Amino acid sequence: MIELLPLLLQGTWITIKVTLLGSLVAIACALLAALGRISPIAPLRWLAIVYIEVFRGSSLLVQLFWLYFVLPMPPFNIQLSAFAVAVIGLGLNIGAYGAEVLRGAIRAVPRGQAEACHALNLSPMTRFGRIILPQALLAAIPPGTNLLIELLKNTSLVSLITLSDLAFRARQLNQATLMTLEIFGLALLIYFVLAQLINLGMRLLERRLARGRMRGGLS
Amino acid sequence: MTTLSTHTATPADTPQDAPMVAFRGVTKRYGELTVLDHLDLQVAEGEKVAIIGPSGSGKSTLLRVLMTLETIDDGVIEVDGQPLTHMPDANGSLVPASARYQRGVRGMVGMVFQSFNLFPHMTVRQNVTEAPIRVLGLRKAEARQRAEELLAMVGLEDKLEHYPAQLSGGQQQRVAIARALAMRPKVMLFDEVTSALDPELCGEVLNVIRRLGDAHNLTMLMVTHQMGFAREFADRVCFFNEGQIHEQGTPDELFGNPQRERTQAFLSAVNEAH
């Protein structure tokens, strides 16, 4: 069983890299699209809506195929490595869901906060970056954790665009050794541990953002 | 119906030529509903004006349009002689003001809200220093010193590192007052600042406002349901009804000898409730 580990861990490392970088792309996309979605400038709003609906409304696998197989063809002629496609594809896809989560969280910040900013003459940038966003992020953490775990699990699709991730290595080893129970048991465990790490990280972030808040305590 | 009241008294020691705040024919509508109806009001520098009246009479809207939280549909509002939403162009005629101009004029006005609206993720100190640092460009040390002085004035010098959630409502509202004062406004607006507080916490907030009135030449407009406080504190009381000043006068005149039927009915209803 020990002989299984090196290959599985190689696959795990790919899965971790795709998840981490994909998460960064997803968070950036979510933030930009949420901002676009609530922007007073109509073309920005439309752009954000098109992005969100296209990436939410179609299959992730087909999106990955598009980026990997269709973009290199004319008229696009954009050739990306499988790894880049995995990171960008997963990031764009989960980012579209994240944008709606973040938009809801921004909306949920009480209106009085924006009014206080206005009365204090804070610039729109300061208002958003220093007052509204930190409060919205706190509210977005539970659904955001769901999305990042979803992103982790969706990385198993990248083997279909030739990346040797954890799921791919598990299938490969199974064919070679037929130690089916051990291999898929280990793969399951590794995904579970990774998901728990995401959970832990998000909890730490939540604690940081919630400093000073006493939910249900004194008010 | 005219907007003129029976009493036209303004304290004799206030200059009539240069009001700190002036509403001229200000109208504000929400769809069919007219919340401010050709309102005229002038407030002298240093004058304390209490605004009372039934709910929906436009008293909070008066403060909100002055803070530019709402736009107006007609008329002009001036603060220290400068129009709030319009600016003179090269020919001297008024055109809608740029954001930069509006921020300049808005800086003369500060506001305290019924629901405090402190920033929950910041300490008391950060709440008070944020805008002076970001907007006025104060250095951190200066802003901290200003915050410490103001928090001492409202009696909260020992709560600098607390978060709003760790304070009582009355303490939060005192922080909100300090936060608004840190911007050194010329006009302070108080929008039902004790309405969200338990009765025993109102006193500490009203005491702060009282001291503020004694110590500063600050112009104050306050919407309040605390008739006792309005009577004792204000130079002038305005009774609002249906988007207009129905009657106004010194506290003694308005509370002691209201002239109009609607005012009398309102005051006796309020008295019965207490």
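Just so it is clear, the structure is predicted and the values come from calculations on it, not from any experiment. (Residues numbered from 1 in each chain as written. Chains lettered and ligands numbered in written order. Predicted model: local features only at pLDDT ≥ 70, side-chain atom pairs only at ≥ 80, totals over all residues. Heavy atoms only, no water.)

Draft legend 1. Summary view of the overall build of chain B. Along the backbone of chain B there are 9 helices and 12 strands. Scaling as 2.2 N^0.38, a compact globule of 274 residues should have a C-alpha radius of gyration of about 19 Å, and chain B matches this with 19 Å. By its C-alpha atoms, chain B is 55 × 55 × 40 Å across when sized along the principal axes. Within chain B, the fraction of its 274 residues that count as buried is 55%. When contacts within chain B are restricted to residue pairs at least 6 apart in sequence, long-range pairs at least 24 apart make up 65% of them. Summed over all atoms, the accessible surface of chain B reaches about 12,000 Å², with 47% contributed by carbon and sulfur. Charge-centre separation for chain B: the mean point of 26 positive side chains lies 8 Å from the mean point of 34 negative side chains. (Helix = DSSP H or I, 4+ residues; strand = E, 2+ residues; numbered from the N terminus. Rg over C-alpha atoms; globule rule 2.2 N^0.38 Å. Buried < 20%, exposed > 50% of the residue type's maximum accessible area, 1.4 Å probe, protein only. Contact = heavy atoms within 4.5 Å. Areas by Shrake-Rupley, 256 points an atom, 1.4 Å probe, with all protein chains shown as cover. Lys, Arg positive; Asp, Glu negative; His and termini not counted. Charge placed at Lys NZ, Arg CZ, Asp CG, Glu CD.)

Draft legend 2. Summary view of unusual backbone geometry. A cis amide bond links Pro74(A) to the next residue, Pro75(A), at an omega of 5 degrees. Mapped onto the secondary structure, Pro75(A) falls in the loop between helix H3 (60-70) and helix H4 (82-108). Despite not being glycine, Leu178(A) has its phi angle at roughly 60 degrees, a positive value. The residue Leu178(A) is located in the loop between helix H7 (166-177) and helix H8 (180-209) in this model. With phi around 50 degrees, Arg184(B) is a residue other than glycine that occupies positive phi space. Considering the arrangement of structural elements, one finds Arg184(B) in the loop between helix H5 (169-181) and strand S9 (187-191). Residue Arg184(B) is classed as exposed on the basis of its relative accessible area, which comes to 53%.

Draft legend 3. Main features of the sheet that holds strand S2 (residues 33-43) of chain B. Residue and element names in this part refer to chain B. Across the sheet, 4 strands lie side by side as S2-S1-S4-S5; this open sheet has antiparallel pairing. At either end of the open sheet lies a strand with only one pairing partner, and these are S2 and strand S5 (82-83). Direction of pairing for strand S1 (residues 21-30) relative to strand S4 (residues 74-79): antiparallel, over a ladder of 5 bridges. Its bridge partner lying in S4, Ala 22 is registered against Glu 78. (Pairing = 2+ DSSP bridges.)

Draft legend 4. Looking closely at the pattern of salt bridges. Residue and element names in this part refer to chain B. Evaluation of the coordinates by the stated rule reveals 17 salt bridges over all chains. Among the salt bridges present, the one from Asp 252 reaches Arg 231, with a minimum N-O distance of 4.0 Å. With Asp 252 in helix H8 (residues 251-256) and Arg 231 in helix H7 (residues 227-233), the pair connects residues that are 21 residues apart, well separated along the chain. Among the residues examined, Arg 231 registers a relative accessible area of 40% and is labelled partly exposed. (Salt bridge = Lys/Arg side-chain N within 4 Å of Asp/Glu carboxyl O.)

Draft legend 5. Looking closely at the packing of helix H4 (residues 140-153) of chain B against H5(B). Residues and elements named next belong to chain B. Interhelical geometry of H4 versus H5 gives an angle of 140 degrees and a closest axis separation of 9 Å. The angle between H4 and H5 places the two elements in the oblique class. In this structure, H4 crosses over H5, and the sense of that crossing is right-handed. On H5, the residues touching Leu 150, Leu 151 and Met 153 of H4 are Val 175, Ala 178 and Leu 181. Counted by class, the contact of H4 with H5 contains 6 nonpolar, no polar and no charged residues. (Axes fitted to C-alpha atoms, helices over the stretch in contact; angles between N-to-C directions. Parallel < 35°, antiparallel > 145°, perpendicular 65-115°, else oblique. Left-handed = near helix turned anticlockwise from the far one by under 90°. Nonpolar A, V, L, I, M, F, W, Y, C, P; charged D, E, K, R; others polar.)

Draft legend 6. How the structure looks around the interface of chain A and chain B. Counting residues at the interface gives 23 residues for chain A and 29 residues for chain B. The largest per-residue losses of area from chain A upon contact with chain B belong to His118(A), Leu120(A) and Asn121(A), which jointly make up 28% of the total buried on that side. There are 2 salt bridges connecting chain A and chain B. Across the pair Arg130(A) and Glu130(B) runs a salt bridge, and its minimum N-O distance is 2.7 Å. Elements represented by at least two residues in the side of chain A that touches chain B include exactly helix H5 (111-119) and helix H6 (124-154) of chain A. In terms of residue count, H5(A) provides more of the side of chain A that touches chain B than any other element does, 8 residues in total. (Buried area = accessible area lost by both parts, 1.4 Å probe.)

Draft legend 7. Region of the structure containing the packing of aromatic side chains. Residue and element names in this part refer to chain A. All chains considered together, the criterion is met by 6 aromatic pairs over all chains. Where Phe 65 meets Phe 69, the ring centres are 5.6 Å apart and the plane angle is 55 degrees; that geometry is what we call tilted. Linking Phe 65 with Phe 69, this pair stays in helix H3, spanning 4 residues, or about one helical turn. Measuring from ring centre to ring centre gives 4.9 Å for Tyr 68 and Phe 69, while their planes differ by 75 degrees; the resulting arrangement is edge-to-face. Here the aromatic cluster, defined as three or more aromatic residues joined through ring pairs, consists of Phe 65, Tyr 68 and Phe 69. (Phe/Tyr/Trp six-rings, centres within 6.5 Å; stacked < 30°, edge-to-face > 60°.)

Draft legend 8. Local environment of the confidence of the model for chain A. Looking at chain A, the pLDDT average stands at 92 and 97% of residues meet or exceed 70. By mean pLDDT, the top-scoring element of chain A is helix H2 (residues 42-56) of chain A (96), and the lowest-scoring one is H7(A) (90). (pLDDT = per-residue confidence, 0-100.)

Draft legend 9. Highlighting the sheet that holds S9(B). Residues and elements named next belong to chain B. If you walk across this open sheet you meet the 6 strands as S8-S9-S10-S3-S11-S12, and the pairing is mixed. For this open sheet the edge positions go to strand S8 (109-112) and strand S12 (244-249), each flanked by a neighbour on one side alone. Averaged over all pairs of adjacent strands, the angle between their axes in this sheet comes to 20 degrees, without regard to strand direction. Along the sheet face, H5 touches S8 and S9 and points at about 170 degrees away from the line of S8.

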